[in-house]
Amino acid sequence: MAEEAMNSGSDSAAVAARSHGAAGDVAVGTAVISDDAVQNPGLPAHRKRVTDTDPKKEKRSERIVFTLFYLSIAGSLGSVLAYMFFPIETGDLMAIRLNTLFVGLGMALALLAVGIGAVHWGKALMADHESIDERHPVASDTATREASAEVFELADKESGFSRRSLVRNSLIGALVAFPLPGITLLRGLAPQDKDPVELLKHTMWDKGVRLARDPSGVPIKASDVTIGSAFHVIPENLHEAEHVLDEKAKAIVLLMRLDPADLKELPERKTWSYNGIVAYSKVCTHVGCPVALYEQRTHHLLCPCHQSQFDVSEHAKVIFGPAKRPLPQLPITVDEEGYLVAQSDFHEPVGPSFWERLK
């Protein structure tokens, strides 16, 4: 029986080998191309667009394109006007909401309109034909440069960039107007009549100002701060500021309590903390993002924007990331009622280090 099985298997293999090798001497197991393989169907017949066959539809598409570009211009200018007519310097929340709403809508309209217009231009008006680009050696000789110039001329001819003056001019206008909101907003970030370095050197913290919870403004007692806890802190008198948001952006603090044995304090800063409670500016010294992620076990602070890390146990020194200097420390103590208070303002400017390069 075993011999019959072996003979039967050999015969099957031979049959398979003969069938696979019908077109030539092919060893058993070698891959072959089937006689009934799928044939290359080729390219389908080219279908013309309605704008290629109907001049009215072509003209309509042209009007749509330059109308979208003009809408982009309107959106860019509208966002600039919104920024001007809804000022946020007062700190009024409704004004800030309206400013954000209309500036955002204007910029969104500018971007969407110019994008949709460019896509519709390519889809409906530019030349629509199929071509095959064969691979060939690329050389920077005269013939290649001449051929490149011809390509640009052909692209200009097929796109109608020179011929369709309304589309071209409206596109140029949209692209010129589009950066205006960004320029306007960025210019508004810096004070126009004061030195930003000097402004960042002073905050609302002063001797005797109580540390309060953000955003409630409730003062914090030292007994409220347990080991491992972290509090988001503002000055208790923040509501008295003329520009609340500006002052808060400079004065925000993160308050933490460590085991005093874990603190590695410099001799001149030993009085800046209170029973292991330390306070540091929340404004990252890289580009000003809020540093608010505290890891209790390692005593590390993380800036979520660019991953800078600071060691709270050692004066918030930089241990990782692009930040170039430690977070400014706020000297603190307690008053006669047990509330945490500032001993003074920060002893160095808060915020990004690049402000100091101006001096």
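Above this note sits the structure.
Attention here is on the structure that accompanies the text. (Residues numbered from 1 in each chain as written. Predicted model: local features only at pLDDT ≥ 70, side-chain atom pairs only at ≥ 80, totals over all residues. Heavy atoms only, no water.)

Here we look at the overall build of the protein chain
Helix and strand counts for the protein chain stand at nine helices and 10 strands. Expressed as a percentage of the 359 residues in the protein chain, the buried residues total 33%. For the protein chain, long-range pairs separated by at least 24 residues make up 62% of all intrachain contacts whose partners lie at least 6 apart in sequence. Only carbon and sulfur atoms are counted for the fraction: they give 60% of the accessible area of the protein chain, which is about 22600 Å². (Helix = DSSP H or I, 4+ residues; strand = E, 2+ residues; numbered from the N terminus. Buried < 20%, exposed > 50% of the residue type's maximum accessible area, 1.4 Å probe, protein only. Contact = heavy atoms within 4.5 Å. Areas by Shrake-Rupley, 256 points an atom, 1.4 Å probe, with all protein chains shown as cover.)

Observations regarding the sheet that holds strand S2 (residues 230-235)
Ordered by their spatial adjacency, four strands build an open sheet running S1-S2-S3-S4, and the pairing between neighbours is antiparallel. Looking at which strands have only one partner, the edges of the open sheet turn out to be strand S1 (211-213) and strand S4 (277-281). Averaged over all neighbouring strand pairs, the angle between strand axes comes to 45 degrees, with direction disregarded. (Pairing = 2+ DSSP bridges. Axes fitted to C-alpha atoms, helices over the stretch in contact; angles between N-to-C directions.)

So, the pairing of S2
With three bridges connecting them, S1 and S2 associate as antiparallel partners. Opposite Ala212, over in S2, you have Ile234 as the bridge partner. When S2 meets strand S3 (residues 253-257), the two strands line up antiparallel, connected through four bridges. Within S3, the residue paired with Val233 across the bridge is Val253.

Focus: the side chain of Arg257
Its place among the elements puts Arg257 in strand S3. Among buried Asp, Glu, Lys and Arg side chains, Arg257 stands out as unpaired, with Asp259 the closest opposite charge at 8.6 Å. Separated by 3.3 Å, the side chain of Arg257 and the backbone oxygen of Ala222 make a polar contact. Side-chain polar atoms of Arg257 contact the backbone oxygen of Asn275, separated by 3.2 Å. Leaving out residues up to four positions away in the same chain, Arg257 has contacts with Ala222, Val225, Thr226, Ile227, Gly228, Ser229, Asn275, Gly276 and Ile277. (Lys, Arg positive; Asp, Glu negative; His and termini not counted. Salt bridge = Lys/Arg side-chain N within 4 Å of Asp/Glu carboxyl O. Polar contact = N/O pair within 3.5 Å; in protein donor to acceptor, adjacent residues only side chain to side chain.)

Observations regarding the nonpolar core
Trp205, Val233, Leu255, Leu330, Ile332 and Leu340 are the most contacted members of the largest nonpolar core, which totals 20 residues. Among the elements of the structure, S2, S3, S4 and strand S10 (340-342) are those that each provide at least two residues to this core. Once residues lying within four places of it in the same chain are set aside, the contact partners of Leu330 are Trp205, Val253, Trp272, Ala279, Ala342, Ser344, Asp345 and Phe346. Membership of the second largest hydrophobic core comes to 17 residues, among which are Leu254, Val278, Cys284 and Cys289. (Core = buried A, V, L, I, M, F, W, Y, C linked by side-chain atoms within 4.5 Å.)

Overview of the environment of His46
Looking at the element boundaries, His46 is found in the loop between helix H1 (2-20) and helix H2 (50-53). With 82 residues separating them along the chain, His46 and Asp128 place their C-alpha atoms 9.4 Å apart. His46 has contacts with Asp128, His129 and Glu130, leaving out every residue within four places of it along the chain. A polar contact of 3.3 Å, which involves the side chain of His46, links it to the backbone oxygen of Asp128.

Notes on the packing of helix H3 (residues 55-85) against helix H4 (residues 93-124)
Axis separation between H3 and H4 bottoms out at 7 Å; the angle between their running directions is 160 degrees. Considering their axes alone, H3 and H4 lie roughly antiparallel with respect to each other. The handedness of the crossing between H3 and H4 comes out as left-handed. Counted by class, the contact of H3 with H4 contains 18 nonpolar, nine polar and no charged residues. (Parallel < 35°, antiparallel > 145°, perpendicular 65-115°, else oblique. Left-handed = near helix turned anticlockwise from the far one by under 90°. Nonpolar A, V, L, I, M, F, W, Y, C, P; charged D, E, K, R; others polar.)

As for the environment of Val278
You can see Val278 is positioned in strand S4. Owing to a relative accessible area of 1%, Val278 belongs among the buried residues under this scheme. Note: C-alpha distance between Val278 and Met256 (22 residues apart in sequence) is 5.6 Å. Val278 has contacts with Leu254, Leu255, Met256, Leu258, Leu263, Ser273, Val312, Gln329 and Ile332, leaving out every residue within four places of it along the chain.

Observations regarding the state of the cysteines
Evaluation of the coordinates by the stated rule reveals one disulfide. Counting only cysteine sulfurs, Cys303 is the nearest neighbor of Cys284, a cysteine outside any disulfide, at a range of 3.9 Å. For Cys284, a relative accessible area of 1% translates into the label buried. (Disulfide = S-S within 2.5 Å.)

Description of a negative patch on the surface
A cluster of like negative charges, contributed by Asp141, Glu146, Glu150 and Glu153, occupies part of the molecular surface. Following the sequence through the fold, Asp141 ends up in the loop between H4 and helix H5 (142-159). (Patch = residues over 30% accessible without salt bridge, like charges linked within 9 Å, V, L, I, M, F, W, Y side chains within 5 Å. Charge placed at Lys NZ, Arg CZ, Asp CG, Glu CD.)

Some points on the sheet that holds strand S8 (residues 317-320)
Read from one edge of the open sheet, four strands run S5-S6-S7-S8, paired in antiparallel fashion. The strands lining the two open edges of the sheet, one partner per strand, are strand S5 (293-295) and S8. Strand after strand, the sheet turns through a mean of 35 degrees between neighbouring axes, direction not considered.

Take it as geometry only, folks, not as evidence of what the structure does.
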